Amino acid sequence: MTQTKKNIAIIGSGLVGSLLAIYLKKYGHTITVFDRRPDIREVEFSGRSINLAMSNRGWKALREVGIEDEIRKIGIPLDKRAMHVIGKPEYFQKYGKEGEAIWSISRGVLNKKMIDLAEQAGVEFRFEEKVWDVDLPNAQVFTGETEKGAWKAYDFDLVFGCDGAFSRVRHKMQRRSRFDYSQDFIDVGYKELTIPPNEDGSHKLDKNSFHIWPRGQFMFIAMPNLDGSFTCTLFMPFEGEVSFESIKTKEDAIQFFSTYFPNVRKDIENLTHDFFKNPTSAMVTMKCFPWTYWDKVALVGDSAHAIVPFYGQGMNAGFEDIYVLNELIRTHGDDWETIFRNYQEMRKPNADAIAELSYRNFMEMSSRTADPLFLLQKKIEKRFAEKHPEKWIPAYSRVTFSDRPYAEALAEGDFQEKIMKDIMAMSNIETIWDSQEVEDKILEALKDSSQ
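Residues numbered from 1 in each chain as written. Predicted model: local features only at pLDDT ≥ 70, side-chain atom pairs only at ≥ 80, totals over all residues. Heavy atoms only, no water.

(A) The arrangement of the overall build of the protein in detail. The helix and strand inventory of the protein stands at 15 helices and 20 strands. Rg of the C-alpha trace for the protein: 23 Å, near the compact-globule value of 22 Å for 451 residues, within the 12% margin. Reported as C-alpha extents along the three principal axes, the dimensions of the protein are approximately 70 × 60 × 40 Å. The buried share of the protein, reckoned over its 451 residues, is 54%. (Helix = DSSP H or I, 4+ residues; strand = E, 2+ residues; numbered from the N terminus. Rg over C-alpha atoms; globule rule 2.2 N^0.38 Å. Buried < 20%, exposed > 50% of the residue type's maximum accessible area, 1.4 Å probe, protein only.)

(B) Structural context of helix α6 (residues 250-260). Three or more residues of α6 are buried, namely A253, F256 and F257. The arc that holds every buried residue of α6, seen down its axis, measures 90 degrees, which confines them to one face. Of the exposed residues in α6, the ones pointing more than 90 degrees away from its buried face are E251 and Q255. Packing partners of the buried residues in α6 comprise β14 (188-195), β17 (230-237) and α7 (268-277). (Arc of directions from axis to C-beta. Contact = heavy atoms within 4.5 Å.)

(C) Structural context of a negative patch on the surface. Negative charge collects at one region of the surface, where D184, D187, E239 and E245 lie side by side. For D184, the location among the structural elements is in strand β13 (residues 180-185). What makes D184 partly exposed here is its relative accessible area of 49%. (Patch = residues over 30% accessible without salt bridge, like charges linked within 9 Å, V, L, I, M, F, W, Y side chains within 5 Å. Areas by Shrake-Rupley, 256 points an atom, 1.4 Å probe, with all protein chains shown as cover. Salt bridge = Lys/Arg side-chain N within 4 Å of Asp/Glu carboxyl O. Lys, Arg positive; Asp, Glu negative; His and termini not counted. Charge placed at Lys NZ, Arg CZ, Asp CG, Glu CD.)

(D) View of the pattern of salt bridges. Summed over all chains, the structure comprises 33 salt bridges. Of the charged contacts in the structure, one is a salt bridge between E386 and K382, with a shortest N-O distance of 2.9 Å. Of this pair, E386 and K382 both sit in helix α11 (residues 372-387), 4 residues apart, which is roughly one turn of that helix. Note on E386: relative accessible area 56%, which makes it exposed. Connected via shared salt-bridge partners are D39, R41, D116 and E119.

(E) Up close: the sheet that holds strand β8 (residues 124-127). Taken together, 6 strands build an open sheet; the order of strands is β8-β2-β1-β12-β20-β19 and the sheet is mixed. Edge strands, defined here as strands with exactly one partner in the open sheet, are β8 and β19 (292-293). The pairing of strand β2 (residues 30-35) with β8 spans 4 bridges and is classified as parallel. Of the residues in β8, the one forming a bridge with V33 is F125. (Pairing = 2+ DSSP bridges.)

(F) Layout of the pairing of β2. By the criterion of burial, β2 is predominantly enclosed, with 5 of the 6 residues buried. Where strand β1 (residues 7-11) meets β2, 5 bridges bridge the pair, whose relative direction is parallel. Residue pairing across strands places N7 opposite T30, the latter belonging to β2.

(G) The arrangement of the environment of S435 in detail. Checked against the element boundaries, S435 lands in the loop between α14 (429-432) and α15 (436-450). In the structure, S435 is positioned 55 residues away from I380 in sequence and 9.7 Å away in space, judged by C-alpha atoms.

(H) Quick look at the sheet that holds β17. The 6 strands are arranged β6-β5-β15-β16-β17-β14 in an open sheet whose pairing can be described as mixed. Bordering the open sheet on either side are β6 (91-94) and β14, each of which pairs with just one other strand. In this sheet, adjacent strand axes meet at a mean angle of 25 degrees when their direction is disregarded. One ladder, built from 6 bridges, connects strand β16 (residues 219-224) with β17; its direction is antiparallel. What sits directly across from F220, in β17, is L234. (Axes fitted to C-alpha atoms, helices over the stretch in contact; angles between N-to-C directions.)

(I) A look at the nonpolar core. Core analysis: the largest hydrophobic core is formed by 75 residues, its most contacted members being I10, L19, M54, I71, L110, F160 and F319. In this view, F319 contacts L15, V16, L19, M54, G58, A61, L62 and M114; residues no more than four positions away in its chain are not counted. Counting residues in each nonpolar core, the second largest holds 35 residues, with Y190, V308, A353 and V399 among its members. (Core = buried A, V, L, I, M, F, W, Y, C linked by side-chain atoms within 4.5 Å.)

(J) Region of interest: the state of the cysteines. On inspection of all chains with the given rule, the structure shows 0 disulfides. As a non-bridged cysteine, C162 has C288 as the owner of its nearest cysteine sulfur, 13 Å distant. Assessed through its relative accessible area of 9%, C162 is described here as buried. (Disulfide = S-S within 2.5 Å.)

(K) Structural view of the packing of aromatic side chains. Applying the stated criterion across every chain yields a total of 31 aromatic pairs. An angle of 20 degrees between the planes, with centres 5.5 Å apart, marks the rings of Y311 and Y396 as stacked. Residue Y311 is found in the loop between α8 (302-305) and α9 (314-332), and its partner Y396 is found in helix α12 (residues 395-400); the two are separated by 85 residues along the sequence. The pair formed by Y311 and Y396 is uniform in burial state, with each residue classed as buried. One aromatic cluster is present, built from ring pairs that chain together W213, F218, F220, F244, F256, F257, Y260, F261, F275 and F276. In this structure, R36 is placed above the aromatic ring of W132, and the distance from its NZ or CZ to the ring centre is 5.2 Å. (Phe/Tyr/Trp six-rings, centres within 6.5 Å; stacked < 30°, edge-to-face > 60°. Lys NZ or Arg CZ within 6 Å of the ring centre and 35° of its normal.)

(L) Broad picture of unusual backbone geometry. Along the chain, F289 connects to P290 via a cis peptide bond; the corresponding omega equals 0 degrees. Tracing the chain through its elements places P290 in the loop between β18 (284-289) and β19. At A139, a residue that is not glycine, the phi angle is positive and equals roughly 50 degrees. Checked against the element boundaries, A139 lands in the loop between β9 (130-135) and β10 (140-144).

Written out as structure tokens, the structure is:
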């Protein structure tokens, strides 16, 4: 399906904005991307990043515009979790079936690459140009140095808001009647830290694992980079007994890392330096509706549905938004009103579902991954899924290694959890977990549900 050439503005040069620019440019549109920040290719990255976990949905969106192979060169496949529990040796949990992996990619490296690819396709980027207002009915964008100063007006046919959780475009839409909006901050913040490579450039930890140190109310994660380093993230309450607030001095930080993360003791100096250098950032779940205004303006990615990062799906969900938009463009051509209406109706239930799944996964990663009964439950599920792959796909696999709707993964996951609650309540489950009796009981529960 061809489209009449349009003059399109994209607000935000992040991952979603730059990929959307590549997609729309392929239809021959004139694309201008505005960003209030400097060009990240020319500045040091901010120190508030969590490495990205690219999974099936993200790769599918990249494949569609022919850049998947280019992006795989800057990633590292992770096929398992490496669990670091105090008092136990490190142990591994495979993510999925043989060959299934998430990919660790540095946010800064990926964003720079995507901007390069968009520029090569003919997209114009206007960095350090702040958008202060959008005239929604006329798709007019106003930029300027300050909110109170002189503004410059640009006329467009369409405007896409890809400017993140605190989107300026959405802010304008929020002022309209019957616009629903909510934001929910969790009491946990995060801080980026680094484990440098060995002197020979090799990784200090297993490079094909997603490393987790679960500690109940807080946790530490590490994801590998191509240069041998690990980008680490410390998730911890803002206030309380063990919190960001409670670590005030270098001695406090050394004591904290020595106590809770003894196997990274060699890197405490580096971790402590980063702890005080890098900012502590907050995490928010943001929901809104509608995502579009007439046939003029649409929100994509975090500006429509910001989520906490604990399923590694924020970027993947944003990329999937673009994939769905593209399918609708192919179907409806120049009918942007229908494209936008169908887009928001298709994506909103799935955005709400991944928001819920992401929050739940935080509880699982920080607390339950160190719980013996939870680990036993996962072993039972894994064994059953291997024997009956057509009957049981774990929720994590549905989200990460398929492109089935997030809403379906949430509903199926809830149903499976109900079955497993009964299984885990069986007497002597620790000794009979791999028995025919347990297998038959799961089969019976699945049979009852299908009748």
